[in-house]
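Spelled out, the chains give:
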Amino acid sequence: MNNPFIVTGRYIAPEYFCDREKETAELLSNVENWRNTVLISLRRMGKSGLIHHLYHKDVIRRDYETFFMDIYDTANMEDFVLLLSKEITSRLQPKGSKLLDKFFQIVNSVKIGFGADPLTGQPGIDISLGDIRNPVRTLEQLFEFMESSEKPCIVAIDEFQQMAEYKNAKKDIATLRTLVQGCRQTRFIFAGSNRRMMGQLFHSPSEPFFMSCSPINLEPIDKRKYTEFVMDHFQKGGKSILPDSISYVYDKFEGHTWFIQYIFNRLYEMAQDAPLTIDDANAATDYIIDIFAPIFQEIFMGMSERQRALLSAIAKEGKAASITGAEFIMKHNLRSASAVQGALKPLLLDETVISWQGLYFISNRFFSIWLARRR
Ligand SMILES: Nc1ncnc2c1ncn2[C@@H]1O[C@H](COP(=O)(O)OP(=O)(O)OP(=O)(O)O)[C@@H](O)[C@H]1O
Ligand SMILES: [Mg+2]
């Protein structure tokens, strides 16, 4: 392992994962006490990593079957069911044909094909839905299979808010809820980042998941713990960094996990003999912003003029309050409150802008710096 600051989003091993002890314990306690969890945070804070970190624990590996599905790319119940089928069969495959046989006995609407991976030549299985007119039937069978498992199953459904985008969202969510509630041993973790949508799915009385899960809100990693993590990895690599520069980076990005990891990944690469300073941290930031600049430019140019004006205004403030107020509108030359509102709506929906406790900010902190620097 060359660079211990992982930014690819893959979970590698506990030593590259900082802290989250409290959250992992809470998640484990939910699992062991058979509470389903809803895991919410800003994007890139570490939800998916936390689930993989939990799955990596000895006690989980010993006592449970674990499944992880990221439904970001699914558009309907068929996709959902196919994805879950693939996840279950791919986890069963290394455990031998007996379990797979049992799977296809119970889940008889899923068809299996055997073939070789075109890239590696390795033998593999190809899963498809037999009767796709009735994905709910297949889903019921998948649940039946999981419920009949020797060890209890944990199913993590990542990017769960995507389900609210399905054409038959209400019906599909209600179906899933009924099946989840009927489980006698399978536990669930629903993870997602769109606070409003996840909030609606889980806390609104009209939605079927109302109050059925135990929430965990993932906040930034504790500053002291993260500082130790950085110092430790630099030391192990025979490199050095001043604690002040760690503090500087942490504060600049408010401890937002992926962004600070990205900076330290770069700083680790830069480190020579002398301890890294705040100037080095700024140089690393500039370097990264420069790399992303063409992408940011592309995204920015694809937006309407009003959106561009609003985004720039929010970025210049860093955190902006009362953005439909006269003062903000005048200061940033925005047209009117209704123009701001119109521009804001889609930006909030796709999470380009986050509204949190009355303040607005740009969710991608590198994009925010790039925007603020534009003249
Ligand atoms: N505790 C941690 N220690 C070190 N790195 C972490 C930690 N948690 C997350 N990361 C890193 O931060 C990045 C974002 O983490 P992750 O993908 O888990 O976030 P997420 O909340 O699921 O994001 P998204 O909302 O985009 O799905 C990854 O590169 C991951 O390696
Ligand atoms: Mg994730």
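The structure presented is a predicted model; accordingly, all values stated were derived computationally and were not measured.

Novice: Quick rundown of the domain arrangement of the chain? Include the residues and the values.
Specialist: Domain boundaries in the chain define domain 1 (20-217), domain 2 (223-297) and domain 3 (303-373). The straight-line distance from the C-alpha centre of domain 2 to that of domain 3 is 27 Å. Across the boundary between the two partners, domain 2 contributes 16 residues, which contact nine residues of domain 3. Summing both sides of the interface, domain 2 and domain 3 together bury roughly 1,200 Å²; the carbon and sulfur share of this comes to 68%. Among the residues of domain 2 in contact with domain 3, F259, I289 and F296 are the three that bury the most area, contributing 47% of the side total. Joining domain 2 to domain 3, the criterion identifies three salt bridges.

Novice: Pulling in residues and values, what's your account of the sheet that holds strand β5 (residues 153-158)?
Specialist: Spatial ordering of the open sheet is given by β2-β5-β6-β1-β7, a layout of five strands whose pairing is parallel. Every interior strand has two partners, whereas the edge strands, β2 (65-70) and β7 (214-217), have only one. The average undirected angle you get between the axes of adjacent strands in this sheet is 15 degrees. Here β2 runs beside β5; their pairing, made up of six bridges, is parallel. The residue of β5 that forms the bridge with D70 is D158. The sheet strands contacting helix α1 (residues 21-32) are β1 (37-40), β5, β6 (187-192) and β7, and the helix crosses β7 at an angle near 165 degrees.

Novice: With reference to specific residues and values, describe the pattern of salt bridges.
Specialist: When their charged atoms lie close together, side chains carrying opposite charge are able to pair. This model, assessed by the stated rule, comprises 15 salt bridges. One salt bridge in this structure joins K225 and D19, with 3.7 Å as the shortest N-O distance. Of this pair, K225 sits in helix α9 (residues 223-236) while D19 sits in the segment before α1, and the two are 206 residues apart along the sequence. The partner of E254 in a salt bridge is R365, with the nearest N and O atoms 2.7 Å apart. In this pair, E254 sits in the loop between α10 (243-252) and α11 (257-270) while R365 sits in helix α16 (residues 365-373), placing the two residues 111 residues apart along the sequence. For R365, a relative accessible area of 12% gives the class buried. Linked by salt bridges that have partners in common, R43, E159 and E351 make up one network.

Novice: Summarise the site of ligand 1; cite the residues concerned and give the values.
Specialist: The environment of ligand 1 is made up of 22 residues, and the closest members are C18, G46, K47, S48 and G49. Between ligand 1 and M45, the relevant distance is 3.2 Å, taken from an oxygen atom to a main-chain nitrogen or oxygen of the residue. S48 is positioned such that a nitrogen or oxygen atom in its side chain is 2.8 Å from an oxygen atom of ligand 1. Taking 620 Å² as the accessible area of ligand 1 by itself, protein coverage stands at 95%. For ligand 1, the cavity whose grid points lie within 2 Å of the majority of its atoms is the largest pocket. Broken down by secondary-structure element, the contributors of at least two residues to the shell around ligand 1 are α2 (47-56) and α11. Of the residues contributing to the shell around ligand 1, the split by class is eight nonpolar, nine polar and five charged. Residue-level mapping places the shell around ligand 1 at the junction of two domains, with at least three residues from each of domain 1 (20-217) and domain 2 (223-297).

Criteria and thresholds
Residues numbered from 1 in each chain as written. Chains lettered and ligands numbered in written order. Predicted model: local features only at pLDDT ≥ 70, side-chain atom pairs only at ≥ 80, totals over all residues. Heavy atoms only, no water. Domains from an automatic or database assignment. Contact = heavy atoms within 4.5 Å. Buried area = accessible area lost by both parts, 1.4 Å probe. Salt bridge = Lys/Arg side-chain N within 4 Å of Asp/Glu carboxyl O. Pairing = 2+ DSSP bridges. Helix = DSSP H or I, 4+ residues; strand = E, 2+ residues; numbered from the N terminus. Axes fitted to C-alpha atoms, helices over the stretch in contact; angles between N-to-C directions. Buried < 20%, exposed > 50% of the residue type's maximum accessible area, 1.4 Å probe, protein only. Near = heavy atom within 4 Å. Polar contact = N/O pair within 3.5 Å; in protein donor to acceptor, adjacent residues only side chain to side chain. Areas by Shrake-Rupley, 256 points an atom, 1.4 Å probe, with all protein chains shown as cover. 1 Å grid on protein atoms, 1.4 Å probe; cavity = no way out; pocket = protein on both sides within 12 Å on 5 of 7 lines; lining within 4 Å. Sits in = over half its atoms within 2 Å of the grid points. Nonpolar A, V, L, I, M, F, W, Y, C, P; charged D, E, K, R; others polar.

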